[in-house]
Amino acid sequence: MNPARDTGLAALTVDEAASQSLARGHAGTALLHIERAWTGTGTWDTARAHIRRAMAGPIDAAAHAGLYYGAPAIAFMLHAASDSHPRYRAACEALDEHVLRLARRRLTTATARFERDEPATFAEFDLFYGLTGIAALLLRRKPGSDVLAGILRYLVSLTRPRYQDGVAVPGWWVAHDPDEILPTPGGHANFGMAHGAAGLLALLALATNHGYVVDGQHEAIAVLTGWFDRWRQDSPDGPWWPHWVTREELRTGRPTQPGPGRPSWCYGTVGIARAQQLAATATNDARRKEAAEDALAAALTDQHLARITEPGLCHGTAGVYQTAYRAACDAGTPAITRRLPVLAVRLAEHARTLGDQRDEGGLLTGGAGIALALETARNTAPPRTGWDTCLLIT
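Worth saying up front: this structure is predicted, and the values here are computed from it rather than measured. (Residues numbered from 1 in each chain as written. Predicted model: local features only at pLDDT ≥ 70, side-chain atom pairs only at ≥ 80, totals over all residues. Heavy atoms only, no water.)

### Some details on the environment of V213
Part 1 of the argument: Structurally, the position occupied by V213 is in the loop between α9 (197–209) and α10 (217–231).
Part 2 of the argument: For V213, a relative accessible area of 41% corresponds to the partly exposed category.
Part 3 of the argument: Spatially, the C-alpha atom of V213 lies 25 Å from that of V169, the residues being 44 residues apart in sequence. (Helix = DSSP H or I, 4+ residues; strand = E, 2+ residues; numbered from the N terminus. Buried < 20%, exposed > 50% of the residue type's maximum accessible area, 1.4 Å probe, protein only.)

### Topic: the UniProt feature "binding site: Zn(2+)" (unreviewed entry) in the protein chain
Part 1 of the argument: Those places that UniProt annotates as "binding site: Zn(2+)" (unreviewed entry) correspond, in this numbering, to C266, C314 and H315. These annotated residues cover 50 residues of sequence, but their C-alpha atoms sit close together, with the largest distance between any two at 6.2 Å.
Part 2 of the argument: When you line up the elements, C314 lands in the loop between α14 (302–305) and α15 (317–330).
Part 3 of the argument: The buried category is assigned to C314, whose relative accessible area is 7%.
Part 4 of the argument: What C314 contacts, discounting residues up to four positions off in sequence, is F128, S264, W265, C266, L364 and T365.
Part 5 of the argument: Position of H315 among the secondary structure elements: in the loop between α14 and α15. (UniProt positions renumbered as here; feature names shortened; annotations may be inferred. Contact = heavy atoms within 4.5 Å.)

### Thoughts on the environment of L12
Part 1 of the argument: Note that L12 resides in the loop between β1 (4–5) and α1 (14–19).
Part 2 of the argument: With 46 residues separating them along the chain, L12 and P58 place their C-alpha atoms 7.1 Å apart.

### Things to note about the packing of helix α2 (residues 26–39) against helix α3 (residues 44–54)
Part 1 of the argument: Contact pair α2 / α3: the axes reach a minimum separation of 8 Å and the direction vectors enclose 165°. Relative to α3, the element α2 lies roughly antiparallel. In the packing of α2 onto α3, the handedness of the crossing is left-handed. Of the residues in α3, those in contact with H26, A27, T29, A30, H33, I34, A37 and W38 of α2 are W44, T46, A47, H50, I51, R53 and A54.
Part 2 of the argument: Broken down by class, the residue content of the contact of α2 with α3 amounts to nine nonpolar, five polar and one charged. (Axes fitted to C-alpha atoms, helices over the stretch in contact; angles between N-to-C directions. Parallel < 35°, antiparallel > 145°, perpendicular 65-115°, else oblique. Left-handed = near helix turned anticlockwise from the far one by under 90°. Nonpolar A, V, L, I, M, F, W, Y, C, P; charged D, E, K, R; others polar.)

### Notes on the nonpolar core
Part 1 of the argument: Y68, M77, L78, I151, W227 and W265 are the most contacted members of the largest nonpolar core, which totals 132 residues.
Part 2 of the argument: Ignoring any residue separated from it by four or fewer positions in sequence, one finds Y68 in contact with Q20, S21, L22, A23, A73, L127, F128, L363, L364, C390 and L391. (Core = buried A, V, L, I, M, F, W, Y, C linked by side-chain atoms within 4.5 Å.)

### As for the packing of aromatic side chains
Part 1 of the argument: As enumerated under the stated definition, the model contains twelve aromatic pairs in all.
Part 2 of the argument: Aromatic rings pair up to connect W172, F191, W227, F228, W231 and W241 into one cluster. (Phe/Tyr/Trp six-rings, centres within 6.5 Å; stacked < 30°, edge-to-face > 60°.)

### Remarks on helix α7 (residues 131–141)
Part 1 of the argument: Across the eleven residues that make up α7, a large majority, ten, are buried.
Part 2 of the argument: Where α7 is concerned, the buried positions are L131, T132, G133, I134, A135, A136, L137, L138, L139 and R141.
Part 3 of the argument: Tucked into the core, α7 has its buried residues touching α4 (71–82), α5 (89–115), α6 (122–125), α8 (146–157) and α9.

### Some thoughts on helix α12 (residues 269–283)
Part 1 of the argument: Taking 1.5 Å per residue as the helical rise, α12 with its 15 residues ought to reach 21 Å, and the 21 Å between its terminal C-alpha atoms agrees with that figure.
Part 2 of the argument: Judged by how many residues are buried, α12 sits mostly within the fold: 13 of 15 residues are covered.
Part 3 of the argument: Of the residues flanking the end of α12, it is N284, one or two places downstream, whose phi is positive at about 55°. (Expected span 1.5 Å × (residues − 1).)

### A few points about the pattern of salt bridges
Part 1 of the argument: Going through the model one piece at a time under the given rule, you end up with 19 salt bridges.
Part 2 of the argument: The partner of D302 in a salt bridge is R339, with the nearest N and O atoms 3.0 Å apart. Residue D302 is located in helix α14, and its partner R339 is located in helix α16 (residues 335–352); the two are separated by 37 residues in the primary sequence.
Part 3 of the argument: Given a relative accessible area of 44%, D302 falls into the partly exposed group.
Part 4 of the argument: Of the charged contacts in the structure, one is a salt bridge between R378 and E375, with a shortest N-O distance of 3.0 Å. Linking R378 with E375, this pair stays in helix α17 (residues 367–379), spanning three residues, or about one helical turn.
Part 5 of the argument: The exposure class of R378 is exposed, given its relative accessible area of 53%.
Part 6 of the argument: Counted as one network, the salt bridges with shared partners bring together R36, E375 and R378. (Salt bridge = Lys/Arg side-chain N within 4 Å of Asp/Glu carboxyl O.)

### Description of the side chain of T389
Part 1 of the argument: Position of T389 among the secondary structure elements: in the segment after α17.
Part 2 of the argument: Setting aside anything within four residues of it in sequence, one finds T389 in contact with F76, A136, R140 and T394.

### A short note on unusual backbone geometry
Part 1 of the argument: One non-glycine residue, D165, adopts positive backbone phi at about 55°.
Part 2 of the argument: As for its position among the elements, D165 is in the loop between β3 (162–164) and β4 (167–169).
Part 3 of the argument: Backbone geometry places T380, a non-glycine residue, at a positive phi of 45°.
Part 4 of the argument: Position of T380 relative to the elements: it lies in the segment after α17.

Dropping the structure here:
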């Protein structure tokens with residue numbers, strides 16, 4: 001393994017940096033081949049070749065590294081292979097130390113921001129770039145560590161309101177836009193798994209379900225589920241939630257989003273409902289669990305699925321399938337399970353449009369993520385590697 005570097009992108013070539021991306025690079029593609037090697041649909045020789053490509057250069061452990069890039073991403077990938085191949089265990093353990101140091105630095109920076117009473121950013125707390133994603137890795141690799149406990153306390157603090165120009169806003173409020181072409185004057189509070197409240201809720205619920213709890217964690221889960229209760233929008237086709245709310249929407253208590261968007265993992269009802277199902281399990285709330293499962297099942301009708309126009313994990317059919325599969329495994333009724341065969345057919349149809357590139361292009365939007373969801377559909381069993389823990393759905 002090339003040594004990890006704390007100096008960041010300046011020390012890496014463009015290709016070396018791209019290889020370390022779980023989202024779009026070789027690290028995500030390697031996960032697919034590791035999963036296939038585990039299930040017998042591929043070989044370990046192929047998996048090892050892809051692992052070498054992902055680790056071709058020095059591993060980036062600078063402050064911008066997160067679950068989907070750099071040392072945490074490579075550690076996540078290697079962990080998927082290490083149980084079968086002890087040769088990777090030493091590399092995993094070395095990277096764990098880099099991830100722990102990275103997390104401590106990130107916590108120090110977040111604490112300083114909090115003390116300056118400045119708003120948070122996606123890069124500070126979210127799943128892709130921030131401390132939520134690092135916590136998801138530590139739940140697998142270092143669940144009893146003081147660093148994970150520190151991140152849990154930090155996430156709990158994000159559920160406490162802060163004041164902006166005298167107006168109470170959620171602690172995960174950000175001053176920047178969700179996208180450069182989607183302005184939110186005055187900032188916004190995000191609802192999604194990738195960058196918002198659903199990701200916070202899912203991580204805190206998963207930690208609780210695994211027995212890792214800090215002071216205020218149950219109260220934080222209650223704040224987040226209350227947030228989703230407050231902004232739930234009912235329709236004849238099932239409940240839905242806005243992608244985010246702005247200062248003006250917070251003031252009026254009404255979203256300007258006219259109706260449900262695509263029921264995706266990252267922003268849609270499917271991801272939000274799964275987060276609430278996990279929270280209901282963590283708090284032993286049977287009514288919330290039933291409501292979450294009903295909402296998810298309603299989002300899987302043909303009418304809603306027609307809004308999904310791409311195959312990937314983040315925005316598309318693969319993410320919907322994998323999330324619905326995990327939710328169905330925990331559900332109290334067969335409503336979600338009954339929709340899985342239809343979803344699997346849609347997923348296979350979308351995958352065929354990729355042609356020769358269907359196994360490449362990384363995890364989030366590329367063919368590797370689609371192929372991983374297809375592996376779940378074919379095997380009708382949970383992934384051997386647990387790769388979908390990086391989506392916070394299990």
